[in-house]
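# Secondary and tertiary structure notes
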Amino acid sequence: AVVELAAPAPPSLGYLGVARLDREAALPTAATFALAGYGRDRPYALSSDNDCRLVAWEAHSPLVLHDCRAAHGTSGAPIVRRRNGDWLVFALHVGRGEVEGRDEKLGVAVPAQLFFEALRAAAKRPVERTPDGLDILPGRAGG
């Protein structure tokens, strides 16, 4: 869900940027990502995996598979990557599932491209294109 605020957020409130992955382009499988969320086992303590990867696009849906460690209850947790000093959300973790041909379960995530346009329209900001062709909506540092 995308929540639109009735009034602009104060400048003291920061937020993460969002990156749109292109399913037609190569998935950045060599890049290191992080997942941080509040699992059911420790709902008041942030847990994170700071060394995980996006593995592949799911074959029969728009979802992306990842190898981030995520406890039950971390659905909705962002999968982020630091880029040029800024953290960008690339996907949101939604669960774990078995993948044919693999012994271990992989994480399943909704790529940010599925909600990117809704965020762009709500933010009323232009998309920035990086030199390597990645579309982003920049975040804002809190202050």
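Starting from 1, residues in each chain are numbered consecutively following that chain's sequence as written. For this predicted model, a pLDDT threshold of at least 70 governs which residues receive local features, and a threshold of 80 or more governs which side-chain atom pairs are given and counted, while totals over whole chains, interfaces and linings are taken from all residues. Only hydrogens and water are set aside; all other atoms, that is, all heavy atoms of the structure, feed into the side-chain values.

### Details of the layout of surface pockets
Rule in force here: Think of a 1 Å grid over the protein atoms and nothing else: a 1.4 Å probe that fits but is trapped marks a cavity, an open set flanked by protein within 12 Å on at least five of seven lines marks a pocket, and residues with an atom within 4 Å of a point count as lining. Grid points are joined across faces, edges and corners, and a volume is the space filled by probe spheres set on the points. Helix and strand definitions here come from DSSP, where helices need a minimum of 4 consecutive H or I residues and strands a minimum of 2 consecutive E residues; each element is numbered from the N-terminal end. Residues are grouped as follows: Ala, Val, Leu, Ile, Met, Phe, Trp, Tyr, Cys and Pro are nonpolar; Asp, Glu, Lys and Arg are charged; all remaining types, including Gly, are polar.
Within this model, the largest pocket holds a volume of roughly 970 Å³. As for the largest pocket, its lining consists of 26 residues, and the residues nearest its centre are Val3, Tyr15, Leu119, Ala122 and Ala123. Taken together, the elements giving at least two residues each to the lining of the largest pocket come down to strand S7 (86-97) and helix H1 (116-123). Here the lining of the largest pocket takes three residues from H1, the largest share from any one element. Of the residues belonging to the lining of the largest pocket, the class tally is 21 nonpolar, one polar and four charged. Taken together, 15 residues make up the lining of the second largest pocket; nearest its centre are Arg20, Ala25, Asp132, Gly133 and Leu134. Tallied by class, the residues present in the lining of the second largest pocket amount to seven nonpolar, one polar and seven charged.

### Some words on the nonpolar core
Condition: Here, nonpolar core means buried Ala, Val, Leu, Ile, Met, Phe, Trp, Tyr and Cys residues that are tied together by side-chain atoms lying within 4.5 Å of each other. When a residue's accessible area, from a 1.4 Å probe over protein chains only, is under 20% of the maximum for its type it is buried; when over 50% it is exposed; and in between it is partly exposed. The criterion used for residue contact is that any of the two residues' heavy atoms lie within 4.5 Å.
If you look at the biggest cluster of nonpolar residues, it comprises 20 residues, and the most contacted ones within it are Phe33, Leu54, Val64, Ile79 and Phe90. Elements supplying a minimum of two residues to this core: strand S2 (33-37), strand S4 (54-57) and S7. Top element by residues in this core is S7. It accounts for three residues. Residue contacts for phenylalanine 90: discarding those within four places in its chain leaves Ala19, Leu21, Phe33, Ile79, Arg81, Pro111, Ala112 and Leu134. Core analysis: the next-biggest nonpolar cluster, separate from the first, contains five residues, Val18, Ala112, Phe115 and Phe116 among them.

### A short note on the pairing of S4
Which entries qualify depends on this criterion: Note on pairing: two strands pair once DSSP finds at least 2 bridges between them.
Across three bridges, S4 lies against strand S5 (residues 64-66) in antiparallel orientation. When the bridges of S5 are listed, tryptophan 57 appears paired with valine 64. Where S4 hands over to S5, the hairpin turn is made up of six residues, counted between the paired strands.

### Points about the confidence of the model for the chain
Filter applied, for reference: Residue-level confidence of the predictor, termed pLDDT, takes values from 0 up to 100.
Of all residues in the chain, 99% attain a pLDDT of 70 or more, and the chain-wide mean is 87. Looking at the elements of the chain, mean pLDDT is at its lowest for H1, recorded as 86, and at its highest for strand S8 (residues 106-111), recorded as 94.

### Quick word on the pattern of salt bridges
Here is the rule we go by: In what follows, salt bridge is the name for a side-chain nitrogen of Lys or Arg lying within 4 Å of a carboxyl oxygen of Asp or Glu.
All chains considered together, the criterion is met by six salt bridges. Close ionic contact of aspartate 135 with arginine 20 constitutes a salt bridge, the shortest N to O distance being 2.7 Å. Here arginine 20 lies in strand S1 (residues 17-20) and aspartate 135 lies in strand S10 (residues 135-137), a separation of 115 residues in the sequence. For aspartate 135, a relative accessible area of 11% corresponds to the buried category. Overall, the relative accessible area of 23% leaves arginine 20 in the partly exposed class. One salt bridge connects aspartate 135 with arginine 129, and the closest N-O pair in it is separated by 2.8 Å. The structure contains a network of salt bridges with shared partners spanning Arg20, Glu117, Arg120, Arg129 and Asp135.

### What to know about the state of the cysteines
Applied cut-off: For this text, the term disulfide refers to a pair of cysteine sulfurs within 2.5 Å.
Under the definition given, this model contains one disulfide. Note on cysteine connectivity: cysteine 52 is disulfide-linked to cysteine 68, with sulfurs 2.1 Å apart. Across the S-S bond linking cysteine 52 and cysteine 68, the dihedral sits near 70°, which makes this disulfide right-handed. Here cysteine 52 is found in strand S3 (residues 47-52), whereas its partner cysteine 68 is found in the loop between S5 and strand S6 (78-83), with 16 residues between them in sequence.

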